[in-house]
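Chain residues, written in single-letter form:
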Amino acid sequence: MTMLRFIPIFEEEEFIVACSEYEDIWKSESDSILEAIKDFTGLGLEESRIAVVVYEGVSFSGRGPNDIMKLRASYDKDVKKATLIHELSHRLLFRFKTESSEEEHKLLYLFLFDVWDHLYGIDYANRMVDIESGRTNIYKAAWDYALSMNQEKRQELLRDKLNLNSN
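Heads up: these notes are all about the structure in this document. Counting restarts for each chain: residues are numbered from 1 in the order of the written sequence. The predicted nature of this model means local features are confined to residues of pLDDT at least 70 and side-chain atom pairs, given and counted, to a pLDDT of 80 or more, with totals for whole chains, interfaces and linings taken over all residues. In computing side-chain properties, one takes all heavy atoms of the structure into account and sets aside hydrogens as well as water.

## Things to note about the sheet that holds strand β2 (residues 49-55)
Only strands that DSSP links by at least two bridges are regarded as paired with each other. Each helix corresponds to a stretch of at least 4 residues labelled H or I by DSSP, and each strand to a stretch of at least 2 residues labelled E; elements are numbered beginning at the N terminus. The three strands lie next to each other as β1-β2-β3, forming an open sheet whose pairing is parallel. Lying at the two open borders of the sheet, with one neighbouring strand each, are β1 (3-8) and β3 (69-72). Averaged over neighbouring strand pairs, the angle between their axes works out to 30° when direction is ignored. Pairing of β2 with β3 involves four bridges; the strand directions are parallel. Looking at β3, one finds that valine 54 is bridged to leucine 71. Against the sheet, helix α1 (residues 13-41) contacts β1, β2 and β3, and its axis sits at roughly 170° relative to β1. In what follows, a contact means two residues having at least one pair of non-hydrogen atoms within 4.5 Å. For every element, the axis is a line fit to its C-alpha atoms; helices are fit only across the contacting stretch, and the angle between N-to-C directions ranges from 0 to 180 degrees. On top of the sheet, helix α2 (residues 77-92) reaches β1, β2 and β3; it is set at about 160° to β3, its chief contact.

Structural data, given as structure tokens:
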């Protein structure tokens, strides 16, 4: 089981409350989140502990294992869940090399939509895609790419890209 330690960037109420919200999500949903990620990727997180700074900035998975993850404080609870899963999924993919941020997101989005759908339903997954697609052109292009395929095709492509086929 991966342990996450949420740390507020400042000892101010907005960051302490946001940390508490992320902690509550992780305490109540970590097992189902990690299980869903593993179900759709065949992979588990390799890290046993991750430090997570909660601040007001762009969420970031870190540069590799043992680096600090950062999560935006001001998101609502639904977006906090989606972002936590998004950034953890990046950490899952640290062991695979990609050429660019767009390529990394294309790989990530081969399973992220299905994880969100499995955990929270299709409406939630579609809403989170809309939110992420509005953030950057890279996200929009990567989501368009991934969602141009059905789940079966995404899973097949993911297995190919990660060399997880048992042939």
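## Digging into the layout of surface pockets
To locate leftover empty space, one rolls a probe as large as a water molecule over the atoms. For each structure, a 1 Å grid was placed over the protein atoms alone; sets of points admitting a 1.4 Å probe that cannot get out are labelled cavities, open sets with protein on both sides within 12 Å along at least five of seven lines are labelled pockets, and lining residues have an atom within 4 Å of a point. Grid points are joined across faces, edges and corners, and a volume is the space filled by probe spheres set on the points. Volume-wise, the largest pocket comes out at about 340 Å³. Looking at the largest pocket, it is lined by 19 residues, and the ones nearest its centre are Ser61, Gly62, His90, Phe94 and Glu104. Mapped by element, the contributors of at least two residues to the lining of the largest pocket are α2 and α3 (101-120). Classification convention: Asp, Glu, Lys, Arg as charged; Ala, Val, Leu, Ile, Met, Phe, Trp, Tyr, Cys, Pro as nonpolar; all other residues, Gly among them, as polar. The residue inventory of the lining of the largest pocket, partitioned by class, reads seven nonpolar, eight polar and four charged.

## Describing the pattern of salt bridges
In what follows, salt bridge is the name for a side-chain nitrogen of Lys or Arg lying within 4 Å of a carboxyl oxygen of Asp or Glu. The tally for this structure, following the rule as stated, stands at eleven salt bridges. Notably, a salt bridge pairs glutamate 56 with arginine 72, separated by 2.9 Å at the nearest N-O pair. Residue glutamate 56 is located in the loop between β2 and β3, and its partner arginine 72 is located in strand β3; the two are separated by 16 residues in the primary sequence. Measuring nitrogen to oxygen at the nearest pair gives 2.6 Å for the salt bridge that ties aspartate 114 to arginine 154.

## Concerning helix α5 (residues 137-147)
Buried means the residue's accessible area, taken with a 1.4 Å probe over protein chains only, is under 20% of the maximum for its type, while exposed means over 50%, and partly exposed covers the values in between. Listed in full, the buried residues belonging to α5 are Tyr139, Ala142, Trp143 and Ala146. One side of α5 holds all its buried residues, which, seen down the axis, span an arc of 100°. Looking at the buried positions of α5, the neighbouring elements they touch are α2, α3, α4 (122-133) and α6 (151-161). Working definition: the arc comes from the directions between the helix axis and the C-beta atoms, pointing outward to the latter.

## Let's talk about the packing of aromatic side chains
What counts as a ring pair is set by centres within 6.5 Å for rings of Phe, Tyr and Trp (its six-membered ring), and what kind of pair is set by the plane angle: stacked under 30 degrees, edge-to-face over 60, tilted for all other angles. A full pass over the atoms with the stated rule returns six aromatic pairs. Consider the rings of phenylalanine 10 and phenylalanine 15, whose centres lie 5.9 Å apart with planes at 65°: the pair is edge-to-face. Given the relative accessible area of 47%, phenylalanine 10 is considered partly exposed. By way of ring pairs, the aromatic residues Tyr109, Trp116, Tyr139 and Trp143 are connected into one cluster. Criterion for a charge above a ring: Arg CZ or Lys NZ at most 6 Å from the ring centre, at most 35 degrees from the ring normal. Here the guanidinium or amino end of lysine 106 rests over the ring plane of tyrosine 145, the centre of that ring lying 4.9 Å away.

## Some thoughts on α3
The largest bend along α3 measures about 40° and falls at tyrosine 109. All of the buried residues in α3 are His105, Lys106, Leu107, Leu108, Tyr109, Leu110, Phe111, Leu112, Phe113, Asp114, Val115 and Trp116. In this fold, the buried residues of α3 make contact with α1, α2, α4, α5 and α6. A positive phi of about 100° marks glycine 121, the residue just after α3. Note on bend: at a given residue it equals the angle between the axes fitted to the 7 residues ending there and to the 7 starting there.

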